[in-house]
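These are the residues of each chain, in order.
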Amino acid sequence: MLVGMMGAFRNPPELAKITSLICTNYGIELVYLRPNDIDIETGTATGKLFVNNEWVKKETEIPQFIDINPYNFKKRNREVTKYLKNKTFLSDNRKKPLSKRAFQEALEKDPKYKDYVIPTYDVKSYEDIKTHAATYPKFVLKPAGGIQGKGVYIVEKIDDKFKVGHYTEENHFNEDEMKDFYYENIDGKKFILQKYVSSKTLQGDPFDCRIHLEKNGEGKWQIAKKYIRIGIGQKVISNTNQGGGIADVKQFLEANYGTQWKAINKKLDDLGAIIPYKIEKLRDTHIMSLGIDVGIDRDGKLYIFEANDRPATKPIVSEVAYLRSNYYKYVFDHTLGIKENTKKEEDEKYTALAKERDFYKKEYDKVKSSTSWRLSAPVRKLSELKDKLYKNR
């Protein structure tokens, strides 16, 4: 069984190495690929396999299952991804991707998730900012399709002034300066505005809880790990790529929420148990990996900031590799039916041999009951006697 892991990096990441090692225990061979490794004309792939503790380049067939990074569904790779959609089973086919706003709107319509929703609006003009600032004096501006917290601003309107925070910086603007800021950084780009949710540590640093979910060996969603991301010294978000830190959920909740920690932790687990199925339903397709970013206010109320369909794995690479390799096996055994097909082929071979055996048995019985068989009996006995005499010499 051959599975592909299609990433964007030239060199296979640590996740590919560990996953490959675990896969060997299940009889699965993992090949690391990039989009330009696929040859559409020959129907082959030239990727890297981890052999004898090193990555070796090798040409293979197109894997029957490819764990594909959604970032590979870019315009420049459209021909390859379209080919793969028709050729093989992909972990994500990018059907109905959800924007940040569409995600929040969909949750708001569902009574089960309504309490987790953060009011979210499109920003198409400076007037949108002025209008919503009247309702939410403190709000967040972020790219509709942003990743890793890039381009996120926290804005607070105080009288006729605006305080704008970005990473560790903070600026104070009057009305005209705020307009200039808008036209320099927001105008013409797809931005959303969200109500500000105060998810901060006792020391005043922004944080969120990342619930990392993966499908397991039973094809079901499982929490790989929950962990707290703290934006130490940051104004807006808990982005570990910008100098933040990571904390254990239990210890963090105990330190920041006291006796509430168990109830909050249970709410996080309960959310992790149901939200991935909701997202798959909204997208009307299967996916394999999710990162749910959850804010927690001082009262212990949860807010879903956003959902990432290809969350970072570096903080929990071992947990993810274990679940991924088990899910690969599930896909081969159940989704693709490799095991069932093999059994079916064996059954068909057995049936064919049984039919052939029955045919020759019938033919043998016909010969035995024929007149020529009875008349030739003395000759056969004489032949058998000669054979016995020869062996006794």
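What counts, and where the lines are drawn
- Residues numbered from 1 in each chain as written.
- Predicted model: local features only at pLDDT ≥ 70, side-chain atom pairs only at ≥ 80, totals over all residues.
- Heavy atoms only, no water.
- Axes fitted to C-alpha atoms, helices over the stretch in contact; angles between N-to-C directions.
- Helix = DSSP H or I, 4+ residues; strand = E, 2+ residues; numbered from the N terminus.
- Parallel < 35°, antiparallel > 145°, perpendicular 65-115°, else oblique.
- Left-handed = near helix turned anticlockwise from the far one by under 90°.
- Contact = heavy atoms within 4.5 Å.
- Buried < 20%, exposed > 50% of the residue type's maximum accessible area, 1.4 Å probe, protein only.
- Arc of directions from axis to C-beta.
- pLDDT = per-residue confidence, 0-100.
- Core = buried A, V, L, I, M, F, W, Y, C linked by side-chain atoms within 4.5 Å.
- 1 Å grid on protein atoms, 1.4 Å probe; cavity = no way out; pocket = protein on both sides within 12 Å on 5 of 7 lines; lining within 4 Å.
- Points joined across faces, edges and corners; volume = space filled by probe spheres on them.
- Pairing = 2+ DSSP bridges.
- Phe/Tyr/Trp six-rings, centres within 6.5 Å; stacked < 30°, edge-to-face > 60°.
- Right-handed = clockwise from strand over helix to strand, strands pointing away.

Asks: I'd love a proper account of the packing of helix H6 (residues 249–257) against helix H7 (residues 261–283), names of residues and values included.
Replies: One way to put it is that H6 packs onto H7 with a least axis distance of 9 Å and a crossing angle of 135°. Relative to H7, H6 is oriented oblique. Handedness of the crossing formed by H6 with H7: right-handed. Across from Val 249, Lys 250, Leu 253, Glu 254 and Tyr 257 in H6, the residues of H7 making contact are Trp 261, Ile 264, Asn 265 and Leu 268.

Asks: Describe the environment of Gly 7, listing the residues and the values that go with them.
Replies: Position of Gly 7 relative to the elements: it lies in the loop between strand S1 (2–6) and helix H1 (14–23). In this structure Gly 7 comes out as buried when scored by relative accessible area, which is 8%. Each C-alpha atom of the pair Gly 7 and Tyr 32 lies 7.4 Å from the other, and the pair is 25 residues apart in sequence. With residues up to four places along the chain from it excluded, the contact list for Gly 7 reads Tyr 32, Leu 33, Arg 34, Pro 35, Asn 69 and Asn 72.

Asks: Describe in detail helix H2 (residues 78–87), supporting the description with residues and values.
Replies: For H2, every residue scored as buried is listed here: Val 80, Thr 81, Tyr 83 and Leu 84. Projected down its long axis, H2 carries its buried residues within an arc of 160°, all on one side. Opposite the buried face of H2, at more than 90 degrees from it, the exposed residues are Arg 78, Glu 79, Lys 82 and Asn 86. Residues of H2 that are buried make contact with S1, strand S3 (38–39), strand S6 (65–68) and strand S7 (89–90).

Asks: Before we move on, can you summarise the confidence of the model for the chain with the specific residues and values?
Replies: When pLDDT is averaged along the chain, the result is 87, and 82% of the positions lie at 70 or above. Scored below 50 in pLDDT, residues 340–346 shows three contacts in the model against residues more than four places distant or in partner chains.

Asks: Give a detailed account of the nonpolar core, specifying residues and quantitative values.
Replies: Leu 253, Leu 268 and Ile 275 are the most contacted members of the largest nonpolar core, which totals 30 residues. For this core, the secondary-structure elements that each account for two or more residues are helix H3 (100–108), strand S14 (207–215), strand S15 (221–230), H6, H7, strand S17 (289–296) and strand S18 (302–308). Broken down by element, this core gets its largest block of residues, six residues, from H7. Beyond its immediate stretch of four places on either side in the chain, Ile 275 contacts Leu 107, Tyr 113, Leu 213, Ile 292 and Ile 304. Within the second largest apolar cluster, 25 residues are counted, among which are Leu 30, Phe 89, Tyr 328 and Ile 338.

Asks: Residues and numbers for empty space enclosed by the protein, please.
Replies: Enumeration according to the criterion identifies one cavity of 30 Å³ or more in this entry. In this structure, the largest cavity occupies an estimated 50 Å³ of space.

Asks: Explain the sheet that holds strand S10 (residues 153–158) residue by residue, including any values.
Replies: Pairing is antiparallel across the open sheet formed by six strands, whose spatial order is S8-S13-S9-S10-S11-S12. Two strands bound the open sheet, and with one partner strand each, they are strand S8 (120–123) and strand S12 (169–173). Within the sheet, the average angular offset between the axes of one strand and its neighbour, ignoring direction, is 25°. Sitting on the sheet, helix H4 (residues 126–135) is in contact with S8, strand S9 (138–143), S10, strand S11 (161–166) and strand S13 (191–195), with an inclination near 150° to S8. Of the strands in this sheet, S8, S9, S10, S11, S12 and S13 touch helix H5 (residues 175–185), which is tilted by about 130° from S12.

Asks: Give me the packing of aromatic side chains: which residues, what numbers.
Replies: Following the criterion strictly, the structure yields 11 aromatic pairs and no others. Their ring planes at 35° and their centres at 5.6 Å tell us that Phe 65 and Phe 89 sit as a pair that is tilted. Of this pair, Phe 65 sits in strand S6 while Phe 89 sits in strand S7; the two residues are 24 residues apart in sequence, bridging distant segments of the chain. Pair check on accessibility: Phe 65 and Phe 89 agree, each one buried. Plain terms: the ring middles of Tyr 182 and Tyr 183 are 5.0 Å apart, the flat faces sit at 80° to each other, and that makes the pair edge-to-face.

Asks: Residue-level account of the pairing of S1, with values.
Replies: The element S1 is extensively covered by neighbouring structure, given that five of its five residues are classed as buried. Neither face of S1 is left uncovered, since the one carrying Leu 2, Gly 4 and Met 6 and the one carrying Val 3 and Met 5 both have all their residues buried. Sheet analysis places S1 next to strand S2 (residues 29–33), joined by five bridges and oriented parallel. Along S2, the bridge assignment pairs Met 6 with Leu 33. Regarding the hand of the β-α-β motif, the stretch spanning S1, H1 and S2 is right-handed. Looking at chain direction, S1 and S6 are connected through four bridges and run parallel. Residue pairing in the sheet places Val 3 in a bridge with Phe 65 of S6.

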